[in-house]
Amino acid sequence: MELKAQNWNNLTANHLCDWHGIWTRYSPQGEVTESFRSLRSFQSNPQQTEIAHTNRYMYADGTIKSESWEYNLESNSLLDGVFHPQSQWMRGLFFESGHAAWVTMQLKIDSFFAVELFFKDEELRHSVGIVYDQQGALFRTANIREDATGFPSKHWSKEIEQVSERNLSGNWQGTSVTITPDLKISEPVPTQLHPSWEGQNTFFLPDGVSISCPDKVSVGTPFILAANWLVTNSKLQQLSVKYDESGAFAALTLELLHI
């Protein structure tokens, strides 16, 4: 099967359902700026060649806002990933396991820059957003905890505030696979947990999620944006996006680790 078709199939096999969630945004200092209920709904035709995607945002004051998009295999499944109508500069990259990312393909001067990293464990999905402003400074992070079985979720806490630390010490071992810009997925290789990326911010979010990202990104300096999810005390998932010194997307790596 050609690579772009496999990427599309990995999307439809894992994400076509109603994802009930809590969406929380944070300032660059880690403070909560807003939090609200969300429902991200993905429906397809029987052949799974067309997707209707609707987001509903439900606020504490009773306000409900909705956004909808449509995309299809023929027009939106490209050689470098799935093109979402919301952003012409981003592509969706999907692993067979359900882990995924929406990544900006090229850092550009005077333009916002973002990635969204998706973790998945059975009926649970957890995504992390990292957004930079037009000057390349960290603008905000976001945390979206989702459950395909309904709301409220018995798996997620109600906490939204970040915490001061999280202990990930220990001999974490597992496997690593990487998607490159041409959608090739590497064979799994042994790996161990990279404790941190030097000189980066680390944010510890509720329910076991951590983010590592620089204060600022710029063309001329390679950088990595990463997050991990401590699913249980003995199971960890990590996603990292690498950009080269030209600001171009270079690789998305998934690490599945245990202790």
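What this report covers is the structure whose coordinates are included nearby. Note that this is a predicted model, so its numbers are computed, not measured. (Residues numbered from 1 in each chain as written. Predicted model: local features only at pLDDT ≥ 70, side-chain atom pairs only at ≥ 80, totals over all residues. Heavy atoms only, no water.)

Below, the discussion takes up the nonpolar core. Ranked by internal contacts, the top residues of the largest apolar core, which has 37 residues, are Val103, Ile130, Leu225, Tyr243 and Leu252. Looking at this core, the elements with two or more residues in it are strand E8 (100–104), strand E9 (113–121), strand E10 (124–132), strand E12 (173–179), strand E15 (209–213), strand E16 (223–232), strand E17 (235–243) and strand E18 (249–258). In terms of residue count, the dominant contributor to this core is E16 (five residues). Residues contacting leucine 252, with those up to four places away along its chain left out, are Leu93, Phe95, Ala101, Leu117, Val177, Thr178, Ile179, Leu239, Ser240 and Val241. Core analysis: the next-biggest nonpolar cluster, separate from the first, contains 18 residues, Leu11, Trp23, Val82 and Met90 among them. (Core = buried A, V, L, I, M, F, W, Y, C linked by side-chain atoms within 4.5 Å. Buried < 20%, exposed > 50% of the residue type's maximum accessible area, 1.4 Å probe, protein only. Helix = DSSP H or I, 4+ residues; strand = E, 2+ residues; numbered from the N terminus. Contact = heavy atoms within 4.5 Å.)

What follows deals with the pairing of E18. Of all ten residues in E18, seven are buried; the element is thus mostly enclosed. Relative to E18, E12 is paired through seven bridges, and the arrangement is antiparallel. Bridge pairing links glutamine 173 to histidine 258 in E18. In the sheet, E17 pairs with E18 via nine bridges, with the strands oriented antiparallel. (Pairing = 2+ DSSP bridges.)

What follows deals with the sheet that holds strand E1 (residues 18–26). Here we have eleven strands laid out as an open sheet, ordered E4-E3-E2-E1-E11-E10-E9-E8-E7-E6-E5, and antiparallel in their pairing. Each edge of the sheet is formed by a strand with only one pairing partner; in this case those strands are strand E4 (64–72) and strand E5 (77–78). Both strand E2 (residues 32–44) and strand E3 (residues 50–58) contribute to a ladder of eight bridges, which runs antiparallel. By the bridge assignment for E3, serine 44 is matched with isoleucine 51. The strands that helix H1 (residues 3–15) touches are E1, E2, E3, E4, E5, strand E6 (81–83), strand E7 (90–94), E8, E9 and E10; relative to E7, the one it contacts most, it runs at about 75°. (Axes fitted to C-alpha atoms, helices over the stretch in contact; angles between N-to-C directions.)

Right, let's talk about the environment of cysteine 17 for a bit. With respect to the secondary-structure elements, cysteine 17 resides in the loop between H1 and E1. Given a relative accessible area of 24%, cysteine 17 falls into the partly exposed group. It is 17 Å that separates the C-alpha atoms of cysteine 17 and alanine 101, two residues lying 84 residues apart in sequence. Look past the residues within four positions of cysteine 17 in its chain and what remains in contact with it is Arg40, Ser41, Phe42 and Ala148.

Let us now look at the side chain of aspartate 133. Residue position: aspartate 133 is located in the loop between E10 and strand E11 (138–147). At 2.9 Å, the side chain of aspartate 133 forms a polar contact with the backbone nitrogen of glutamine 135. Excluding its chain neighbours within four sequence positions, the residues that come into contact with aspartate 133 are Ser111, Phe112 and Phe139. (Polar contact = N/O pair within 3.5 Å; in protein donor to acceptor, adjacent residues only side chain to side chain.)

We now examine the pattern of salt bridges. Summed over the entire model, instances satisfying the criterion amount to eight salt bridges. The partner of arginine 40 in a salt bridge is glutamate 146, with the nearest N and O atoms 2.8 Å apart. Residue arginine 40 is located in strand E2, and its partner glutamate 146 is located in strand E11; the two are separated by 106 residues in the primary sequence. Across the pair, exposure class does not vary: arginine 40 and glutamate 146 are buried alike. Residue glutamate 146 pairs with arginine 125 through a salt bridge whose shortest N-O separation is 2.8 Å. One end of the pair, glutamate 146, is in strand E11; the other, arginine 125, is in strand E10, and 21 residues separate them in sequence. Among the charged side chains, a network of salt bridges with common partners joins Arg40, Glu116, Arg125 and Glu146. (Salt bridge = Lys/Arg side-chain N within 4 Å of Asp/Glu carboxyl O.)

A word on the packing of aromatic side chains. Tallied over the full model, the rule gives 13 aromatic pairs. Consider the rings of tryptophan 23 and tyrosine 57, whose centres lie 5.4 Å apart with planes at 80°: the pair is edge-to-face. Residue tryptophan 23 is located in strand E1, and its partner tyrosine 57 is located in strand E3; the two are separated by 34 residues in the primary sequence. In this structure tyrosine 57 comes out as buried when scored by relative accessible area, which is 10%. Consider the rings of phenylalanine 113 and tyrosine 132, whose centres lie 6.2 Å apart with planes at 55°: the pair is tilted. Linking phenylalanine 113 in strand E9 with tyrosine 132 in strand E10, this pair joins segments that are 19 residues apart in sequence. As far as burial versus exposure is concerned, phenylalanine 113 and tyrosine 132 are alike and both buried. Connected via pairs of aromatic rings, a cluster forms that spans Phe113, Tyr132, Phe223, Tyr243 and Phe249. Lying across the ring of phenylalanine 151, arginine 37 places its NZ or CZ 4.0 Å from the centre. Positioned above the aromatic ring of tryptophan 89 is the side chain of lysine 108, whose terminal nitrogen or guanidinium carbon lies 5.0 Å from the ring centre. (Phe/Tyr/Trp six-rings, centres within 6.5 Å; stacked < 30°, edge-to-face > 60°. Lys NZ or Arg CZ within 6 Å of the ring centre and 35° of its normal.)

Function cannot be read off these values alone, since they describe shape.
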